[in-house]
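Chain by chain, the residues run as shown.
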Amino acid sequence: MGLVLLLQTPLTSAQVVADSALEAHSIPAERREAVEAWRKTLPAEVRTVWDERTGRLLLFGPMETHAELMRLVAGTAAATP
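In what follows, the accompanying structure is described. Predicted, not measured: the structure shown is a model, and the values here were computed from it. The residue count restarts for each chain, going from 1 along the sequence in the order it is written. With the structure being a predicted model, the display of local features is reserved for residues of pLDDT at least 70 and the display and counting of side-chain atom pairs for 80 or more, all residues being used for whole-chain, interface and lining totals. With hydrogens and water excluded, all non-hydrogen atoms of the structure serve as input to the side-chain values.

**Focus on the environment of histidine 66**
Relative to the assigned elements, histidine 66 resides in helix α2 (residues 63-74). Separated by 44 residues in the primary sequence, histidine 66 and leucine 22 have C-alpha atoms spaced 9.2 Å apart. Residue contacts are defined here by distance: any two heavy atoms, one from each residue, within 4.5 Å place the two residues in contact. Contact partners of histidine 66, with chain neighbours within four places excluded, come to Ala21, Glu23, His25, Leu59 and Gly61. A polar side-chain atom of histidine 66 sits 2.8 Å from a polar atom in the side chain of histidine 25. Per the convention used, a helix needs a DSSP run of H or I reaching at least four residues, while a strand needs a run of E reaching at least two, with both numbered from the N terminus. Identification of polar contacts relies on pairs of N or O atoms within 3.5 Å, with a donor-acceptor requirement for protein atoms, meaning one able to donate a hydrogen and the other able to accept it, and with residues adjacent in sequence counted only if both atoms are side-chain atoms.

**Overview of the nonpolar core**
Among buried residues, the Ala, Val, Leu, Ile, Met, Phe, Trp, Tyr and Cys ones that are joined through side-chain atoms within 4.5 Å form a nonpolar core. In this scheme, a residue with accessible area under 20% of its type's maximum is buried, one over 50% is exposed, and one in between is partly exposed, where area comes from a 1.4 Å probe on protein chains only. Formed by Ile27, Val35, Trp38, Leu42, Val46, Trp50, Leu57, Leu59, Leu69, Leu72 and Val73, the largest nonpolar core amounts to 11 residues. Those elements that place two or more of their residues in this core are α1 (32-39), β4 (56-61) and α2. At three residues, the largest contribution of residues to this core is made by α2.

**So, the packing of aromatic side chains**
Between the rings of Phe, Tyr and Trp (Trp by its six-membered ring), a pair exists once the centres lie within 6.5 Å; its type follows the angle of the planes, with under 30 degrees stacked, over 60 edge-to-face, and the other angles tilted. Using the criterion set out here, one finds zero aromatic pairs in the structure. Should the NZ of a Lys or the CZ of an Arg lie within 6 Å of a ring centre and within 35 degrees of the ring normal, that charge is described as sitting over the ring. Sitting above the plane of the tryptophan 50 ring, arginine 32 keeps its charged end 3.6 Å from the centroid.

**Section: the side chain of histidine 66**
On the basis of relative accessibility, which here comes to 3%, the residue histidine 66 falls in the buried class. A distance of 3.3 Å separates the side chain of histidine 66 from the backbone oxygen of glycine 61, its partner in a polar contact.

Here it is, written out as structure tokens:
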């Protein structure tokens, strides 16, 4: 189970994310390439980084982005930002 932090961030013209969460996601090796391609399509205000120590993907973004990632990892739908 990952750690979830809900943060209220101020809105600016450059930042459209009002309610975002930071969560660590376990990504199976066979889905890592698809996740890498998906990461490149994310808007600038969504942040991701691989935790090399654990192999998990840290994602800071809206909850709907977390849901997209989970669908992609599960292989149930083509995730689009």
